[in-house]
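An overview of the molecular structure
So the chains spell out like this:
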Amino acid sequence: MTDQQAVAVDVVIFGGGVAGLWLLARLRKANYNAILVESDTLGTGQTRYAQGIIHGGTKYALTGKLTASSEAVFQMPGIWRDCLQGHGEVDLQEASVLSPHQFMWSTTSFTSRMAGFFASHVMRSRTESLPAKERPLIFQNSKFKGHVYRLDEPVLDTATIIAALAKPHLDAILQATLESVTFNPDASSQLALKATDGSRWQVATNRIVLAAGQGNAGLLKTMGRDSPAMQLRPLHMVMLRGGLPERLYAHCLGASVNPRITITSHSDTFGEIVWYLGGQLSEDGVKRNEAEQIQAAKDELHDLMPWLDLSQTHWSTLRIDRAEPSQPHSKRPDTSFVDETTGVITTWPTKMALAPKLAADVMEQLQHNEVVASGTEPLPAWPQPAFAELPWQEETRWN
Ligand SMILES: Cc1cc2nc3c(=O)[nH]c(=O)nc-3n(C[C@H](O)[C@H](O)[C@H](O)COP(=O)(O)OP(=O)(O)OC[C@H]3O[C@@H](n4cnc5c(N)ncnc54)[C@H](O)[C@@H]3O)c2cc1C
């Protein structure tokens, strides 16, 4: 291998999370000569921490205000399901569905009843209030007094999504870091990359797409840019395992659009059930230390499911930031973000579920600017990244 190799492509994507990998698959299917640069392992950013819920817009509908952008979210479960069945825009047949539905439950509190009212009226076409025998076992307990709804929101195993998206395109994925970029007057550019084995690559490209989550800010800086601006929203998630009665996938309706708690279920390395807790608990928990956050989670579960026996349970927490386009008052954006400024398309999906919309928006942007697909060509052999582990598989500190 010479010291420096040169490659010319149509598009270079930075970031091997769900957004970058979905886009890579779509671009290559559309005959773009596209490559993806990942500096670490595939899925290592927010994607591996995601709860895997393919949101169908319940939260937006609960506000009673449907906007055009939130309407887009409603289409996502259908798009993902087509892909899982092998007749969609990308092939996800190898990915695992943890549950075909996420459930949502209301308690007897006034706020939860109000949210339940909205759920049943605004969401008529998307949710069903379930009779006791169709509920998850936990909500068949005679002490449970609320309502349970079944949502059109599948829950997926994120590691298998990453694998399904990446494996057919590994030849086009390079593990490297960006050293510098030179832009040409026509918005094409010349990138200097350093791969993990020390090899150096000069890549000429028509467009750069940033899909590196939190890494977008640093990449923009390397290019001498400070916009679009990014915001980070920290979360303090909780995991528990040991003696859990079943795999549960459910949001509890709270006082706001944000669920009071969101529970998904995963498996540790021994195949034991792990409950992963997010929602308002993880947002409020940012200010708590680990012990306080575990206590808050215990209190919350005891309040919501007093009949649940947690005497055999071990606990752990993790902190992770969501990376998003900056919003007034750091509010959560309600849809994906795509912005092009002289040769660089910066993206944040906001939700894993919105990766298809992000990819469609980027492709529209490329077509709008007449960035043509020149056809996929054999690429040189270069260092490829490994796949990230999921947090419940690598966690060793269980309290
Ligand atoms: C706790 C949690 C739970 C969530 N649950 C859900 C959910 O249930 N449903 C849902 O729809 N969404 C969920 N989300 C949101 C979802 O995870 C994210 O929107 C989505 O994963 C973002 O994907 P991404 O590909 O943009 O970024 P990331 O997953 O963050 O990937 C970015 C990638 O870029 C790489 N990178 C970084 N810097 C560089 C660089 N300089 N050069 C090259 N590569 C770089 C990183 O190593 C990483 O692989 C959740 C998020 C969190 C934090």
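Rules behind the numbers
Residues numbered from 1 in each chain as written. Predicted model: local features only at pLDDT ≥ 70, side-chain atom pairs only at ≥ 80, totals over all residues. Domains from an automatic or database assignment. Contact = placed C-beta atoms within 7 Å. Helix = DSSP H or I, 4+ residues; strand = E, 2+ residues; numbered from the N terminus. Nonpolar A, V, L, I, M, F, W, Y, C, P; charged D, E, K, R; others polar. Near = placed C-beta within 6 Å. Core = buried A, V, L, I, M, F, W, Y, C linked by C-beta atoms within 7 Å. Buried ≥ 20, exposed ≤ 12 C-beta atoms within 10 Å, placed from the backbone. Pairing = 2+ DSSP bridges. Expected span 1.5 Å × (residues − 1). Axes fitted to C-alpha atoms, helices over the stretch in contact; angles between N-to-C directions. Parallel < 35°, antiparallel > 145°, perpendicular 65-115°, else oblique. Left-handed = near helix turned anticlockwise from the far one by under 90°.

This part is about the domain arrangement of the chain. You can read the domains of the chain as domain 1 (4–47 + 161–231 + 328–392) and domain 2 (88–156 + 233–322). Taken together, the contact between domain 1 and domain 2 spans 16 residues of the former and 17 residues of the latter. Broken down by secondary-structure element, the contributors of at least two residues to the side of domain 1 that touches domain 2 are helix 1 (18–29), helix 6 (158–166) and helix 11 (391–394). Broken down by element, the residue count for the side of domain 1 that touches domain 2 peaks at four residues, all from helix 6. Across the side of domain 1 that touches domain 2, the residue classes break down as ten nonpolar, four polar and two charged.

Turning to the site of the ligand, a few remarks are in order. Of all residues adjacent to the ligand, which total 41 residues, the nearest are Gly 15, Gly 17, Gly 45, Gly 213 and Gly 215. Where the shell around the ligand is concerned, the elements lending two or more residues are helix 1, strand 2 (34–38), strand 8 (173–183), helix 7 (216–222), strand 11 (230–241) and strand 15 (314–325). Taken together, the residues that form the shell around the ligand break down as 19 nonpolar, 18 polar and four charged. No fewer than three residues from each of domain 1 (4–47 + 161–231 + 328–392) and domain 2 (88–156 + 233–322) sit in the shell around the ligand.

For the rest of this paragraph, the subject is the nonpolar core. Val 12, Ile 13, Trp 22 and Leu 23 are the most contacted members of the largest nonpolar core, which has 104 residues in total. With eight residues, helix 1 is the single largest residue contributor to this core. Both domains that meet at this core, namely domain 1 (4–47 + 161–231 + 328–392) and domain 2 (88–156 + 233–322), each give it at least three residues. Not counting chain neighbours up to four residues away, the residues in contact with Ile 13 comprise Gly 20, Leu 23, Leu 24, Ala 34, Leu 36, Val 209 and Ala 211.

Here the focus is the environment of Ser 336. Along the chain, the position of Ser 336 falls in the loop between strand 15 and strand 16 (337–341). A tally of 26 C-beta atoms within 10 Å means that Ser 336 is categorised as buried. A sequence separation of 13 residues divides Ser 336 from Ala 323, and the C-alpha atoms of the two residues are 11 Å apart. Dropping the residues within four chain positions of it, Ser 336 is found in contact with Trp 348, Pro 349, Thr 350, Leu 354, Lys 357, Leu 358 and Asp 361.

Moving on, we get to the pairing of strand 6 (residues 147–151). For strand 6, the tally of buried residues reaches four of five residues, placing the bulk of the element in the interior. Two strands pair when backbone bridges link them, and strand 4 (residues 102–106) and strand 6 are joined in this way by five bridges, in the antiparallel orientation. Within strand 6, the position partnered with Gln 102 by the bridge is Leu 151.

This part covers unusual backbone geometry. Here the residue pair Ser 227 and Pro 228 is connected by a cis peptide bond, since its omega of 5 degrees sits within 30 degrees of zero. Within the secondary structure, Pro 228 is located in the loop between helix 7 and strand 11. One non-glycine residue, Ala 187, lies in positive phi territory at about 80 degrees. Mapped onto the secondary structure, Ala 187 falls in the loop between strand 8 and strand 9 (189–195). Even without being a glycine, Glu 370 presents a positive backbone phi close to 55 degrees.

Let us now look at helix 1. For helix 1, with twelve residues, the first-to-last C-alpha span of 17 Å sits near the 16 Å given by 1.5 Å per residue. Here helix 1 lies mainly inside the structure; eleven of its twelve residues are buried. Those residues of helix 1 that fall on the buried side of the exposure criterion are Val 18, Ala 19, Gly 20, Leu 21, Trp 22, Leu 23, Leu 24, Ala 25, Arg 26, Leu 27 and Arg 28. On the buried face of helix 1, the contacting elements are strand 1 (4–14), strand 2, helix 6, strand 10 (200–210), strand 17 (344–348) and helix 10 (355–368). Once helix 1 finishes, Asn 31 follows within two positions and takes phi at roughly 75 degrees, a positive value.

Our focus in this paragraph is the packing of helix 1 against helix 6. Relative to each other, helix 1 and helix 6 sit at 30 degrees, their axes nearing to 9 Å. Between helix 1 and helix 6, the angle falls in the class roughly parallel. Considering only the axes of helix 1 and helix 6, their crossing is left-handed. Note on element contacts: helix 6 touches helix 1 through Ile 161, Ile 162, Leu 165 and Ala 166, opposite Val 18, Leu 21, Trp 22 and Ala 25.

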